[in-house]
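Below are the chains, spelled out letter by letter.
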Amino acid sequence: MTTEEFKQLYNKYLLGKCTAEEQKIVELYCDGFDLSDIPWTDEMGDPISINKEMINDMNRRLKQRKFSKVKLSYWASAAAILIISCMAVFISQHKSTDFHNATKLVKNSIEPGKNKAILTLANGNKVVLDDRKQGIVSNQGNVSVTKNGSGEITYQENADDSKSENLKNSISTPRGGQYNLVLADGTKVFLNAASTLIYPTCFNGNERRVKLIGEAYFEVAKNKNKPFKVDVAGQQEVKVLGTHFNISAYPDDNHISTTLLEGSIKLSNSNYETVLKPGEQAVQNVNSSKVVVSQTDVEEAIAWKKGYFRFQNENIRDIMKGVSRWYDVDVKFEGPLSNRTFGGMYLREKKLAGLLDLLEYTGYVSFKVEGRRITVITK
């Protein structure tokens, strides 16, 4: 898609005339296009003021279209973030110094997370994977653990699996970390920040069982004779034969979300059992064990794996939980917490200051940054 084609599609988006598919294209590629055909000059005015005027114009357009009050609040927030996101690309390329000097939060130097984790071997030894060079990490029984060129670790049996010992390993990512691994059966696991996976070095017996605390995306190797089972934080079990799905089960959340992308999975807890279809999400209340299954936007559930934040009708408290985990910061709140929600996208590889700026531009929140502590001031 050319810049001119994207600009036409973006204008269509602003007028509310996009199809669902076109809307996804705008949201996905907004950060990748420079919407300017000419360089920014001083004569054009202050970029911050222009950004604010764009937001005000969007609000006026939405009101003219007679959206409901709830929808207006959401779409105004979403539009604000998307507009500023696009403008930020433009301004940073042509007048980055002035823009940064005018933005109070940009001086904050908190970097995004990266690939880092600690591998705990069966003998209790711990290996810091981000410091480890490419090559053999350990040999445990008949299984070798290797760090490859892309940074992930891979388990491989070196002999007949009937002779392999049933040893347990675990991998844990800190706040500000993520990591990928390939289990002995070929299953790929993408581990998000502040998460732990416990698993055997090889899968003996008639099942493949692992335990997850936190969030992970699984691409399970097919084996109809040996089901793959995930013990989700001791709260539920997910059983599959071979499929792709995401599980989010953080201890500080009051729910567990399981989202299926392809195939099928059987989900069960002490009081409930169901089979999910592609595009469905099961949300379990950890206090009552009640499970609600519904159709969902799977792209939102796996946005973290693809390298970006995606907020859709999300409140500031939940947004800041993700921020805290990925940027390794502590968060506190000042002011009343309303039901107002936000929408938009932001690349996880970017510094934290940019995301806070975009949220602040909506006019609903502001931030105070002191070291690695962020105070969210709600309005």
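Residues numbered from 1 in each chain as written. Predicted model: local features only at pLDDT ≥ 70, side-chain atom pairs only at ≥ 80, totals over all residues. Heavy atoms only, no water.

### So, the overall build of the protein chain
Looking only at helices and strands, one finds nine helices and 24 strands in the protein chain. Burial analysis of the protein chain (379 residues in total) assigns 48% to the buried set. Within the protein chain, counting contacts between residues at least 6 apart in sequence, those at least 24 apart form 52% of the total. With an accessible surface of roughly 18,300 Å², the protein chain has 47% of that area assigned to carbon and sulfur atoms. (Helix = DSSP H or I, 4+ residues; strand = E, 2+ residues; numbered from the N terminus. Buried < 20%, exposed > 50% of the residue type's maximum accessible area, 1.4 Å probe, protein only. Contact = heavy atoms within 4.5 Å. Areas by Shrake-Rupley, 256 points an atom, 1.4 Å probe, with all protein chains shown as cover.)

### Topic: the confidence of the model for the protein chain
Caution applies to low-pLDDT regions: their predicted coordinates should not be interpreted in detail. Per-residue pLDDT for the protein chain has a mean of 81; in total, 73% of the residues score no lower than 70. Predicted confidence for residues 31–40 stays below pLDDT 50, and this span has 36 contacts to residues more than four positions away or in other chains. Every residue in residues 65–107 is under pLDDT 50, and counting partners more than four places away or in other chains gives 93 contacts. (pLDDT = per-residue confidence, 0-100.)

### Notes on the pairing of strand 10 (residues 196–200)
Relative to strand 10, strand 7 (residues 168–172) runs antiparallel, the two sharing five bridges. From the neighbouring strand, Ser-170 faces strand 10, where its bridge partner is Ile-198. Where strand 10 meets strand 11 (residues 208–219), three bridges bridge the pair, whose relative direction is antiparallel. When the sheet's bridge partners are listed, Thr-196 is paired in strand 11 with Ile-213. (Pairing = 2+ DSSP bridges.)

### Here's the deal with the nonpolar core
Nonpolar side chains in soluble globular proteins tend to end up buried together. Within the largest apolar cluster, 40 residues are counted, with the highest numbers of intra-cluster contacts made by Leu-119, Ile-171 and Phe-218. Looking at which element gives the most residues to this core, the answer is strand 11, with four residues. Discounting chain neighbours no more than four positions away, the residues touching Leu-119 are Asn-125, Lys-126, Val-127, Leu-129, Val-137, Val-145, Ile-153, Tyr-155, Asn-169, Ser-170, Ile-171 and Tyr-199. Of all hydrophobic cores here, the second largest spans 22 residues; its members include Trp-326, Tyr-346, Ile-374 and Val-376. (Core = buried A, V, L, I, M, F, W, Y, C linked by side-chain atoms within 4.5 Å.)

### A closer look at the side chain of Thr-375
Structurally, the position occupied by Thr-375 is in strand 24 (residues 373–378). Every residue in contact with Thr-375, bar those within four places of it in the chain, is listed here: Lys-332, Glu-334, Ser-366, Phe-367 and Lys-368.

### Some points on the pattern of salt bridges
Here the structure, examined in full by the defined rule, presents 13 salt bridges. Here Asp-185 ties to Arg-208 by a salt bridge, and the two come within 2.6 Å at their closest N and O atoms. Of this pair, Asp-185 sits in the loop between strand 8 (177–182) and strand 9 (188–191) while Arg-208 sits in strand 11, placing them 23 residues apart in sequence. A relative accessible area of 24% places Asp-185 in the partly exposed class. Here Lys-266 makes a salt bridge to Glu-273, at a shortest N to O gap of 3.5 Å. Taking the relative accessible area as the measure of exposure, Lys-266 reaches 32% and is therefore partly exposed. For Glu-273, a relative accessible area of 53% corresponds to the exposed category. Residues joined in a network through salt bridges with shared partners are Glu-207, Arg-209, Lys-229 and Glu-237. (Salt bridge = Lys/Arg side-chain N within 4 Å of Asp/Glu carboxyl O.)

### Considerations on the packing of aromatic side chains
In the structure shown here, the tally under the stated rule is eight aromatic pairs. Their ring planes at 15° and their centres at 5.0 Å tell us that Phe-218 and Phe-245 sit as a pair that is stacked. Separated by 27 residues along the polypeptide, Phe-218 in strand 11 and Phe-245 in strand 14 (residues 244–249) bring together distant segments of the chain. For the pair shown, Phe-218 and Phe-245 are each scored as buried. With a centroid separation of 6.2 Å and 70° between ring planes, the pair formed by Phe-342 and Tyr-364 is classed as edge-to-face. (Phe/Tyr/Trp six-rings, centres within 6.5 Å; stacked < 30°, edge-to-face > 60°.)

### Some points on the packing of helix 8 (residues 316–327) against helix 9 (residues 352–361)
Where helix 8 meets helix 9, the closest approach of the two axes is 12 Å, and the angle between their N-to-C directions is 170°. Overall, the two elements helix 8 and helix 9 adopt an arrangement that is roughly antiparallel. On the side of helix 8, the interface is formed by Ile-316, Ile-319, Met-320, Val-323 and Tyr-327, while helix 9 contributes Leu-352, Leu-355, Leu-356 and Leu-359. Along the lines of polarity and charge, the residues of the contact of helix 8 with helix 9 split into nine nonpolar, no polar and no charged. (Axes fitted to C-alpha atoms, helices over the stretch in contact; angles between N-to-C directions. Parallel < 35°, antiparallel > 145°, perpendicular 65-115°, else oblique. Nonpolar A, V, L, I, M, F, W, Y, C, P; charged D, E, K, R; others polar.)

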